[in-house]
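Now for the letters of each chain:
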Amino acid sequence: MIAEILSVGTELLMGQIVNTDARYLAARLSEAGITLHRQSTVGDNPVRLAEAIETALSRADIVITTGGLGPTADDITKEMSAQSLGLPMRRSEEAENMVRGWFEKHGHAMTDNNLRQADFPEGSRILRNDFGTAPGCIMEKDGKAIINLPGPPREIIPMFDACVMPYLTERGGCLIRSRYLRIFGMGESTVESLTGDLMREGENPTLAPYCSLGEVQLRLTVRCQSPEEAPPLLDPLEKEIRRRVGDVIYAVTDDPGYTMERAVAEALLAAGKTVATAESCTGGMIASRLVSVPGISDAFLEGYVTYANAAKERVLGVDPRTLARFGAVSEETALAMAEGLRRRSGADICLSVTGIAGPEGGTKEKPVGLVWLGLCTGKGAEARRLSLFGDRDRIRTLASLHGLHWILCAAREQGTGERQGDPHPSPPA
């Protein structure tokens, strides 16, 4: 089965909001065994919307639209979808009860224009919306299907999971399951050179890379008839990849959105260890990423942004003579920051970071991109030098990733008593 996603909304075309719906739908379609060939975006214009739907129907079995189901005059997705399939619009009693019930439940007065959300193409399957006023629908004709979904992510995700995924799985006739290997400490080109021969078209399972700043993700995907068939097909491929790339894989997951900070949080919680941070050039980025993970309060004690030298002295107890002799960006200062943080917080793992993020402030001896990390645990303190490049945001993001990865390795080591990989990987290419 071939699908196409059509995102509807002038606000998307103007860049006023980010289209996160398409990313979510693409991942879920893959799981259902549906092939996605195209994604497109069109504004709230009836002529262009009708043309976009008809074009999508001409080359896909299933067209999924997002947005344009609301009560206002520019919400015309259902009408244009019905027109494309030659279906008349009818008031649905089922949908009307849903719309009225939402307003009653939340204690809001309902204006008459909201009943437009109860009008659907004849014969549609109505999709309940528990988080908004606009139900969705599935309409079929001559072997083609159009699925109209609302735009807000908090509405589309539960509706898709509860109503659309079962429909697609049944219609697709097979499942697609993916496994993601998260890599840190090895650049994209090196990963490709080591595993490129495994990335062959038409294989089952398949292997594909995805790269983001500082990380590489390998996606292992298998087409199967049941979830139980996937692991025996994926396991040998993962084993071969591990043999080739070594211990740079920091996580294996079925979640394409898995993050380094989530891995850190899980490792800390599993080991029963606590962490604290003292940041200079990263300005709290490491702490912010950690606290984005639910449940991290059981592990994250405190974080400080000690940007100025005076703050390093006052908060962390860094000796002013250390700063005067070696400078704020130095091995000695990073160590002193980490040690002072451990004295102050009592955390099991204490990370410090100090560096020159640029674009100014660098010298020949200490260029822009020089970053020192410090880590202090019950075994003592050690420091690591990073030589990064790029603009200010890139340097700060990479420094944060390196800091998180070091915490991850330390947490796993403390949890098992064994060294977990290389806590000092080479900076990614």
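Refer to the structure printed above.
Scoring rules and cut-offs
Residues numbered from 1 in each chain as written. Predicted model: local features only at pLDDT ≥ 70, side-chain atom pairs only at ≥ 80, totals over all residues. Heavy atoms only, no water. Helix = DSSP H or I, 4+ residues; strand = E, 2+ residues; numbered from the N terminus. Buried < 20%, exposed > 50% of the residue type's maximum accessible area, 1.4 Å probe, protein only. Contact = heavy atoms within 4.5 Å. Areas by Shrake-Rupley, 256 points an atom, 1.4 Å probe, with all protein chains shown as cover. Lys, Arg positive; Asp, Glu negative; His and termini not counted. Charge placed at Lys NZ, Arg CZ, Asp CG, Glu CD. Core = buried A, V, L, I, M, F, W, Y, C linked by side-chain atoms within 4.5 Å. Pairing = 2+ DSSP bridges. Axes fitted to C-alpha atoms, helices over the stretch in contact; angles between N-to-C directions. Expected span 1.5 Å × (residues − 1). Arc of directions from axis to C-beta.

A.B. asks: Could you clarify how one ought to interpret the overall build of the protein in this entry?
C.D. replies: Helix and strand counts for the protein stand at 14 helices and 17 strands. Over its C-alpha atoms, taken along the principal directions, the protein stretches across nearly 80 × 55 × 40 Å. Taking all 429 residues of the protein together, the buried fraction comes to 50%. Taking the intrachain contacts of the protein between residues at least 6 apart in sequence as the baseline, contacts between residues at least 24 apart amount to 69%. Summed over all atoms, the accessible surface of the protein reaches about 19,600 Å², with 49% contributed by carbon and sulfur. One way to put it: in the protein the 47 positive side-chain charges average out to a point 5 Å from where the 57 negative ones average out.

A.B. asks: What's the story with the nonpolar core in this structure? I'm lost.
C.D. replies: Note on soluble globular proteins: their nonpolar side chains tend to be buried together. Among the nonpolar cores identified, the biggest contains 38 residues, and M260, V264, L268, L290, I349, V371 and I407 are the most heavily contacted of them. Residue assignment for this core shows that the elements contributing at least two residues are β12 (249-253), α9 (260-271), α10 (285-291), β15 (349-355), β16 (370-377) and α14 (392-416). With 10 residues, α14 is the single largest residue contributor to this core. Setting aside residues up to four positions removed in sequence, L268 forms contacts with K273, V275, I296, A299, I349, I407 and A411.

A.B. asks: It is not clear to me how the sheet that holds strand β6 (residues 125-127) should be interpreted in this structure. Could you clarify?
C.D. replies: Spatially, six strands are ordered β2-β1-β3-β8-β7-β6 in an open sheet, and the strand pairing comes out mixed. Unpaired on one side and paired on the other, β2 (35-42) and β6 mark the two borders of the sheet. In this sheet, neighbouring strand axes are inclined to one another by 15 degrees on average, regardless of whether the strands run parallel or antiparallel. Sheet analysis places strand β1 (residues 2-8) next to β2, joined by seven bridges and oriented parallel.

A.B. asks: Is there a simple way to think about helix α5 (residues 93-106) in this case?
C.D. replies: Helical periodicity: at 3.6 residues per turn, an α-helix aligns residues three or four positions apart in one direction. With 14 residues, α5 extends 20 Å from end C-alpha to end C-alpha; this agrees with the ideal 20 Å at 1.5 Å per step. Residues A95, E96, M98, V99, W102 and F103 constitute the buried set of α5. Buried residues of α5, seen end-on, are gathered within an arc of 160 degrees and therefore sit on one face of the element. Residues of α5 that are exposed and point over 90 degrees away from its buried face: E93, E104 and K105. The secondary structure elements touched by the buried residues of α5 are β4 (89-91), β5 (119-121) and β6. In the stretch just after α5, G107 is the one whose phi turns positive, near 70 degrees.

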